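What follows is each chain in one-letter form.
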Amino acid sequence: MVLGRGLLGRRNLAALGACARRGPGRGRPAAAGGVAAALLAPPLLGILLYPTALRKSLTMEQGTMKVELLPALTDNYMYLVIDGDTKEAAVVDPVQPQKVLEAVRKHGVKLSTVLTTHHHWDHAGGNEKLVKLEPGLKVYGGDDQIGALTHKVAHLSTLQVGSLHVKCLWTPCHTSGHVCYLVTKPDSSEPPAVFTGDTLFVAGCGKFYEGTADEMYKALLEVLGRLSPDTRVYCGHEYTINNLKFARHVEPDNAAVREKLAWAKEKYSLGEPTVPSTIGEEFTYNPFMRVREKTVQRHAGQTDPVATMRAIRREKDQFRVPRD
């Protein structure tokens, strides 16, 4: 969710309340950071979100690979990944299929592949409609609960999108079948891209709905954390400002946190995304990537990284976001 200043109008609150009563949809826990529930929580009342139509898309060019960020719902991101050599494309978590197909037509590419990070509705909920609109798509994921799944993957499974190489990284915790996708262009000097769903956010991580602190530690530090520091991180939600406010709470003297927060607020004021970050950057300001640091351990009152992970996730779940 993208946060800014201002008051939610009564009409918006009524609509959000209706969403909360209906629930977030199949496969998504009612408390899963769902848009309506999160917005109506006391810490966020009085905060305005950009409508999706006002959130700007962004195309990142990495040599002949292009990544278009497609804002979706209230705070989600879908990603269109294009191989410039073959004009073949994949889409990550296409919860709004029509918007995806508009981007496909704009770029004049052939959509062949769906990469689904996990089964929650706001990530996998568009799969079945998309395959009806575009028959023959290959749908990848790590969980049988994912709609329209054609290819179930495991850790280090690989696939091709044109000339792009995709490696599947098993990162269970947020959900038991969560997968991140590492995309590289062979023989290219451009940095890799990793699509992290709800495992790794800019300055944060996903809630532990179907896993443990030990699993999230392994996902963040032993799987994603071992990628090249220049790997670009494309996450599933625009949570950056709130995450950095929590990071500031954990490490008030961390200059990297303060600088990133000021930058994120500026990007927000322009309606621009704060994604991507890089793996190297995350180690400087993301408290969940910094659980081995003494400053984070002291804040948590722990000396063990996994216990620190557990403690700060529990604290983050109850954190009242300041308005500054």
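Just so it is clear, the structure is predicted and the values come from calculations on it, not from any experiment. (Residues numbered from 1 in each chain as written. Predicted model: local features only at pLDDT ≥ 70, side-chain atom pairs only at ≥ 80, totals over all residues. Heavy atoms only, no water.)

*Asks:* Quick question: what am I supposed to make of the nonpolar core here?
*Replies:* Soluble globular proteins: nonpolar side chains tend toward being buried together. Tyr79, Leu115, Phe195, Tyr234 and Val275 are the most contacted members of the largest nonpolar core, which totals 37 residues. The next biggest cluster of nonpolar side chains, apart from the first, holds 32 residues, and it includes Cys180, Leu220, Phe246 and Ile312. (Core = buried A, V, L, I, M, F, W, Y, C linked by side-chain atoms within 4.5 Å. Buried < 20%, exposed > 50% of the residue type's maximum accessible area, 1.4 Å probe, protein only.)

*Asks:* Can you help me understand the packing of aromatic side chains in this one?
*Replies:* The description of two aromatic rings rests on the distance between their centres and on the angle between their planes. Counting across every chain of the model gives seven aromatic pairs. Members of the aromatic cluster, connected to one another through ring pairs, are Tyr77, Tyr79, Phe195 and Tyr234. The ring of Tyr77 carries the charged tip of Arg55 above its face, separated from the ring centre by 4.9 Å. Its end group placed over the ring of Trp263, Lys260 keeps NZ or CZ at 4.0 Å from the ring centre. (Phe/Tyr/Trp six-rings, centres within 6.5 Å; stacked < 30°, edge-to-face > 60°. Lys NZ or Arg CZ within 6 Å of the ring centre and 35° of its normal.)

*Asks:* Please clarify how helix 8 (residues 255-269) should be interpreted in this entry.
*Replies:* What sets the pattern is the α-helix's 3.6 residues per turn: residues three or four places apart point alike. The end-to-end C-alpha distance of helix 8, which contains 15 residues, comes to 21 Å, matching closely the 21 Å that a straight helix rising 1.5 Å per residue would cover. Inspection of helix 8 places Val257, Lys260, Leu261, Ala264 and Tyr268 among the buried residues, and these make up the whole buried set. Across the axial projection of helix 8, the buried residues extend over an arc of 105 degrees, all falling on one side. (Helix = DSSP H or I, 4+ residues; strand = E, 2+ residues; numbered from the N terminus. Expected span 1.5 Å × (residues − 1). Arc of directions from axis to C-beta.)

*Asks:* Explain the environment of Gly197 to me, please; I cannot follow it from the model alone.
*Replies:* With respect to the helices and strands, the residue Gly197 is situated in strand 13 (residues 193-197). Residues in contact with Gly197, not counting those within four places in the same chain, are Thr117, His178, Tyr234, Cys235 and Gly236. (Contact = heavy atoms within 4.5 Å.)

*Asks:* I'm lost on the packing of helix 7 (residues 240-250) against helix 11 (residues 305-317) in this one. Help?
*Replies:* Each pair of packed helices can be summarised by the angle the axes make with each other and by the distance between the axes. Interaxial distance between helix 7 and helix 11 falls to 11 Å at its minimum, and their mutual angle equals 125 degrees. Comparing the axis directions of helix 7 and helix 11 gives the class oblique. The handedness of the crossing between helix 7 and helix 11 comes out as right-handed. Residues Asn243, Phe246 and His249 of helix 7 form the contact with helix 11, whose participating residues are Ile312, Glu315 and Lys316. Of the residues in the contact of helix 7 with helix 11, the class split is two nonpolar, two polar and two charged. (Axes fitted to C-alpha atoms, helices over the stretch in contact; angles between N-to-C directions. Parallel < 35°, antiparallel > 145°, perpendicular 65-115°, else oblique. Left-handed = near helix turned anticlockwise from the far one by under 90°. Nonpolar A, V, L, I, M, F, W, Y, C, P; charged D, E, K, R; others polar.)

Such coordinate-based values are descriptive only and should not be taken to indicate function.
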